[in-house]
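Summary of the model geometry
Chain by chain, the residues:
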Amino acid sequence: MKAKVSTEWLSGCSGCHIALVDLHEKLVNLVDEVEFVRVPVLMDEKGYPKANIGIVEGAVRSDHDWHCLMKMRESVTTLVAFGTCAVYGGPSGLGWLYPREEVLATAYGSGPTNTPGDRPMGDVPVLEDSVVPIDMVVPVDLYLPGCPPSPFYIAAALRRLLDSKAPPLHDQTVCADCRRKMIRRPGTALRKGAITAADDEICFLSQGVVCMGSATLNRCQSPCPRRGVACTGCNGPRMEIIREPRLDIRTSIAGTMHTMCGADEADIVRYLEADAKTYYSYTVASPAVYKKPTVELREWAKSGVLA
Amino acid sequence: MSRTITIDPVTRIEGHARILLNVDDAGQVSSAHLQVLEIRGFEKLLQGMELFKMPLTTARICGVCPAAHHLAAVQAIENGLGVQAPADARLLRELLYMGHILHSHALSAFVLAGPDILSGRGAKGEARNIFSLLRVAPELATKMLRLRSIGQRTVEIVGARGIHPVSVVPGGIAGRPSPEYLSGIAASAVQAVAILEELIPVLHNKLRALEWVEEPLPAPLRSIALSRNGEVSFLEGKLTVADQAGKVLRSFAPSDYAEHLVEHVVPGSYMKLVHLRGEPEELCYTGALARLKVNGKVPTPRAAGLLGALAEGKDSQFRPTGYIEARMVEMMMAAERMADIAGGKFSGGPLQTPCEPKPGRYVGVVEAPRGVLIHDYTADESGRVSAVNMIVATQANYEAIDQSLAASARQLLPAKDDEALMNGLEFTVRCFDPCLSCATHSVGAMPMEVLVIRNGVVERSISRREQ
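Residues numbered from 1 in each chain as written. Chains lettered and ligands numbered in written order. Predicted model: local features only at pLDDT ≥ 70, side-chain atom pairs only at ≥ 80, totals over all residues. Heavy atoms only, no water.

Some points on the overall build of chain A
When helices and strands are counted, chain A shows 13 helices and seven strands. Taken over C-alpha atoms, the radius of gyration comes to 21 Å for chain A, in line with the 19 Å a tight globule of 307 residues would show. Restricting to contacts in chain A with at least 6 residues of sequence separation, those with at least 24 account for 69%. Here chain A has roughly 11,600 Å² of accessible surface; of this, 54% comes from carbon and sulfur atoms. Positive and negative side-chain charges of chain A, numbering 34 and 36 respectively, have mean locations separated by a distance of 5 Å. (Helix = DSSP H or I, 4+ residues; strand = E, 2+ residues; numbered from the N terminus. Rg over C-alpha atoms; globule rule 2.2 N^0.38 Å. Contact = heavy atoms within 4.5 Å. Areas by Shrake-Rupley, 256 points an atom, 1.4 Å probe, with all protein chains shown as cover. Lys, Arg positive; Asp, Glu negative; His and termini not counted. Charge placed at Lys NZ, Arg CZ, Asp CG, Glu CD.)

Laid out in structure tokens, this is it:
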């Protein structure tokens, strides 16, 4: 009997669903083993049929998201938080930083093409007070972070699920698949705001550019640093940072970076805090990140805007 | 006494939406509205972030057209700084972008709306999706998916990632694909041209066989698109507005967009519509159909041939299905350009012009697959973004979508066939390939229902929702 797969999208970008289509030829092969019973981007099924595997993309932003997620949980056996928004809140989760009225006031009232004071009206879904990852609402069985999850890891996870095995937990950081050499270059200045570096063979940190690779779980095979763009941490933090209360994204990066380029560790930490919106953009809404003892994301985000 | 009908949600589009029909006493459809049910509020979420991170972060607004946001952000930064990327970087960007257009149009024409056209209007819901096509017409469906794969693989090779590419940076592009990869793209692009030559007539014939009657829209619609030397252009040019005869009415620099465009909220929807400013304001449409209307010319030979054949024996009326035909022309153009660029010569010169963030205003415009996409940032002394405004294509299509829905509903409602009504209205929406992820800088989907409301009271509900 074919395994039934059902998917749902909440507050996200639909990229995780496109990632499923990006299995390309593998998708065609899957059709022999899997019956997709609900895929809103591809099919007209509008209800929630029973399924073995449920795949949820996106965070919970509105009462409508909340309702759909409950329906999904009731209808599936194994629920997968699929992609960084579902797992950590993702970019959608940046809304966690602000009261919802502040988000609406800026989106509807302040731009040069807006009419001041305009607000959504009539029967629209009500935004929840904040944005949350899906496991704040329902129990989740499996987490597959990534923005979106790379086809390699999707295929591996689906393969194991179809064989009724738990997918293996790879614990490596993005550095594992990066070809750049980590060498010490003491005396190198911190290059705030940079995303590229001159030398394609040497680690970004050695060149004073903040790359989040050393603090980020490898669910991507490191395409960005390999091509010449510093990692922005879109898979979420490495496992040790999640497990250890004393470890955090900014201190983890600052420690490694200080070793590589010699820049003052406290300076790096202060910079990452002032630019918290940039460096925590994928994970702000996750308690695994914001509940760390010394982390004050809402405060940092404010100071960054004022700075 | 009036009533309202709602279809909720619309599936096989990118985002959460429902359709609402207002019906008067005589049972005539007075108006139709697409309602978009999600909002993320990126104008707020991006405030305080570093300017040079915009190309990376804004790509995540949309998983269907990330390359459009990625490029719009970079164009904005380069326009603001007065920097131009070196020649090789511009070629590679175009290569990436043509891959993106091929992926997005193939997704729309073949994977999302394709099943409506290929399976026919009478087909049941479970027969109208790509999985069912894979079963009943595996060879055809595999080719359709292959076309999209070729586009997406090109984005992945040049952009380092397929969804949410990262390689385009302010001042140029980070790294160059190896010659082996480039010749691989060139070979795939030649294959894409061949697949298109086979598939386009099939889709055309099926489209004709639908006997989908489209009545002309009552209000005059203006087309808006980028134009460079009167040719379809995705990444450069002036914003140009034309009437249905193709006559240019206004043309302006992207940085002047706010003098020409205005947004309004719509009842029951998080998506704002866009009008052309003026007394009175004018309604517009954008995307593949508008690009061809405004420009009338495409830069590659096979696409030009298709465009010529398309125009034969047609009046100049606006028709939603015209989008599907226009996308076929543009897919061919994309495949031809990919073959030309990847198979052609690069100078081997630098890939980046050095640049640093400065305080100032940054406006960039690209033609997203669905039309005009505008990013507008203000950066402060610290190189951070202090204000953001975005206008996305589907907003500029909002009026055209609503009017087309009303026109379809006027034909479909009297037959009292609920299934046909819902299918027909959804098909009308899919012609526009609306991207609601972008439109509210958000996304999602819901079960579908049609509500009939008279005097504000729900009179009847048609639903595909599981009870």
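Thoughts on the interface of chain A and chain B
On the chain B side, the residues contacting the 83 residues of chain A number 93 residues. Summing both sides of the interface, chain A and chain B together bury roughly 7,200 Å²; the carbon and sulfur share of this comes to 59%. Applying the counting criterion to the chain A and chain B interface returns three salt bridges. The salt bridge involving Arg 148 of chain B is made with Asp 22 of chain A; its shortest N-O contact spans 2.3 Å. Taken together, the connections running from chain A to chain B amount to 24 residue pairs in polar contact (both at pLDDT 80 or more). At six residues, helix H5 (residues 100-109) of chain A tops the list of elements feeding residues into the side of chain A that touches chain B. In the side of chain A that touches chain B, the residues fall into 45 nonpolar, 23 polar and 15 charged. (Buried area = accessible area lost by both parts, 1.4 Å probe. Salt bridge = Lys/Arg side-chain N within 4 Å of Asp/Glu carboxyl O. Polar contact = N/O pair within 3.5 Å; in protein donor to acceptor, adjacent residues only side chain to side chain. Nonpolar A, V, L, I, M, F, W, Y, C, P; charged D, E, K, R; others polar.)

Some details on the packing of helix H8 (residues 179-209) of chain B against helix H12 (residues 322-343) of chain B
Residue and element names in this part refer to chain B. Where H8 contacts H12, the two axes come as close as 8 Å, and the packing angle between them is 165 degrees. Compared by their axis directions, H8 and H12 come out roughly antiparallel. Like other packed secondary-structure pairs, H8 and H12 cross with a definite hand, here left-handed. Class assignment of the residues belonging to the contact of H8 with H12 gives a composition of 19 nonpolar, two polar and three charged. (Axes fitted to C-alpha atoms, helices over the stretch in contact; angles between N-to-C directions. Parallel < 35°, antiparallel > 145°, perpendicular 65-115°, else oblique. Left-handed = near helix turned anticlockwise from the far one by under 90°.)

Digging into the packing of aromatic side chains
Given two aromatic rings, their pairing is described by the distance between the two centres and the angle made by the two planes. Taken as a whole and judged by the stated rule, the model has nine aromatic pairs over all chains. When the centroid spacing of 6.0 Å and the interplanar angle of 55 degrees are considered together, the rings of Tyr 280 of chain A and Trp 300 of chain A count as tilted. Here Trp 300 of chain A lies in helix H13 (residues 297-306) and Tyr 280 of chain A lies in the loop between helix H11 (276-279) and helix H12 (287-290), a separation of 20 residues in the sequence. For the residue pair Tyr 280 of chain A and Trp 300 of chain A, the accessibility class agrees, reading buried in each case. With a centroid separation of 6.3 Å and 75 degrees between ring planes, the pair formed by Phe 318 of chain B and Tyr 323 of chain B is classed as edge-to-face. For the residue pair Phe 318 of chain B and Tyr 323 of chain B, the accessibility class agrees, reading buried in each case. Site record: aromatic cluster; members linked through ring pairs are Tyr 285, Phe 318, Tyr 323 and Phe 432 of chain B. The aromatic ring of Trp 96 of chain A is capped on one face by Arg 298 of chain A, whose charged end is 3.8 Å from the ring centroid. Across from the ring centre of Tyr 98 of chain A, 4.8 Å away, lies the NZ or CZ of Lys 44 of chain B, which sits over that ring. (Phe/Tyr/Trp six-rings, centres within 6.5 Å; stacked < 30°, edge-to-face > 60°. Buried < 20%, exposed > 50% of the residue type's maximum accessible area, 1.4 Å probe, protein only. Lys NZ or Arg CZ within 6 Å of the ring centre and 35° of its normal.)

Focus on the sheet that holds strand E14 (residues 371-379) of chain B
All names here are of chain B. Reading across the sheet, the three strands line up as E13-E14-E15 and stay open at both edges, with antiparallel pairing between neighbours. Each edge of the sheet is formed by a strand with only one pairing partner; in this case those strands are strand E13 (360-368) and strand E15 (385-391). Adjacent strand axes in the sheet meet at a mean angle of 15 degrees, parallel and antiparallel pairs treated alike. Two strands pair when backbone bridges link them, and E14 and E15 are joined in this way by six bridges, in the antiparallel orientation. Within E15, the residue paired with Asp 376 across the bridge is Asn 389. On top of the sheet, helix H3 (residues 66-81) reaches E13 and E14; it is set at about 140 degrees to E13, its chief contact. (Pairing = 2+ DSSP bridges.)

Points about the packing of helix H4 (residues 87-112) of chain B against H12 of chain B
Residues and elements named next belong to chain B. One can describe the packing of H4 onto H12 by two numbers: an axis separation of 9 Å at closest approach and a directional angle of 150 degrees. Relative to H12, H4 is oriented roughly antiparallel. Pair H4 / H12 crosses with left-handed handedness. Contacts from Leu 91, Glu 94, Leu 95, Met 98, Gly 99, Ile 101, Leu 102, His 105, Ala 106, Ser 108, Ala 109 and Phe 110 in H4 reach Arg 327, Glu 330, Met 331, Ala 334, Arg 337, Met 338, Ile 341 and Ala 342 in H12. Here the contact of H4 with H12 is built from residues that sort into 13 nonpolar, three polar and four charged.

Things to note about the domain arrangement of chain A
Residue and element names in this part refer to chain A. Assigned domains within chain A: domain 1 (3-113 + 125-162) and domain 2 (174-301). On a C-alpha basis, the centroid separation for the pair domain 1 and domain 2 is 26 Å. In this assembly, 20 residues from domain 1 lie in contact with 22 residues from domain 2. Counting the surface lost from both domain 1 and domain 2, the interface buries some 1,900 Å², and carbon and sulfur atoms represent 65% of this. Together, Tyr 88, Trp 96 and Tyr 153 form the three largest contributors to the area buried by domain 1 at its contact with domain 2, with a combined 40%. Applying the counting criterion to the domain 1 and domain 2 interface returns zero salt bridges. Linking domain 1 with domain 2 are six residue pairs in polar contact (both at pLDDT 80 or more). Looking at the side of domain 1 that touches domain 2, the elements with two or more residues in it are helix H4 (84-88), strand E6 (127-132) and helix H6 (151-162). (Domains from an automatic or database assignment.)

Describing the side chain of Arg 384 of chain B
On the secondary structure map, Arg 384 of chain B appears in the loop between E14 and E15. Side chain to side chain, Arg 384 of chain B and Asp 275 of chain A meet in a polar contact 2.7 Å long.

Considering the pairing of strand E9 (residues 248-252) of chain B
Residues and elements named next belong to chain B. The pairing of strand E8 (residues 238-242) with E9 spans four bridges and is antiparallel. Bridging from a neighbouring strand, Ala 242 pairs with Val 248 of E9. Counting the residues in the hairpin turn of E8 and E9 gives five residues, including Gly 246, whose phi is positive at 90 degrees.

Considering the environment of Met 271 of chain B
Mapped onto the fold, Met 271 of chain B is located in the loop between strand E10 (261-264) and strand E11 (273-276). In this structure the C-alpha to C-alpha distance between Met 271 of chain B and Gly 120 of chain B, which are 151 residues apart in sequence, comes to 31 Å.

A word on the pattern of salt bridges
This model, assessed by the stated rule, comprises 34 salt bridges over all chains. In this structure, Glu 102 of chain A engages Lys 44 of chain B in a salt bridge whose closest nitrogen and oxygen atoms are separated by 3.2 Å. Taken together, the residues span two chains, with Glu 102 of chain A in helix H5 and Lys 44 of chain B in helix H1 (residues 42-45). Using a relative accessible area of 33% as the deciding quantity, one classes Glu 102 of chain A as partly exposed. A cluster of three or more residues bridged by salt bridges with shared partners is formed by Glu 33, Arg 159 and Asp 163 of chain A.

Let's talk about the environment of His 100 of chain B
All names here are of chain B. The residue His 100 is located in helix H4 in this model. Among the residues examined, His 100 registers a relative accessible area of 2% and is labelled buried. Beyond its immediate stretch of four places on either side in the chain, His 100 contacts Val 64, Cys 65, Pro 66, Ala 67, Ala 68, Gly 151, Val 155 and Pro 369.

Description of helix H11 (residues 301-311) of chain B
Residues and elements named next belong to chain B. Along H11, the residues classified as buried are Ala 303, Leu 307 and Leu 310. For H11, the angular spread of the buried residues around the axis is 60 degrees, confining them to a single face. In this structure, the buried side of H11 is in contact with H8, helix H10 (288-295) and H12. (Arc of directions from axis to C-beta.)

So, the side chain of Asp 88 of chain B
Residues and elements named next belong to chain B. Looking at the secondary structure, you find Asp 88 in helix H4. The class of Asp 88 is buried, set by a relative accessible area of 2%. Within polar-contact distance, the side chain of Asp 88 engages the side chain of Arg 176 at 2.9 Å. If near-sequence neighbours (up to four positions away) are discounted, Asp 88 is found in contact with Arg 176, Phe 346, Ser 347, Gly 348, Gly 349, Pro 350 and Leu 351.

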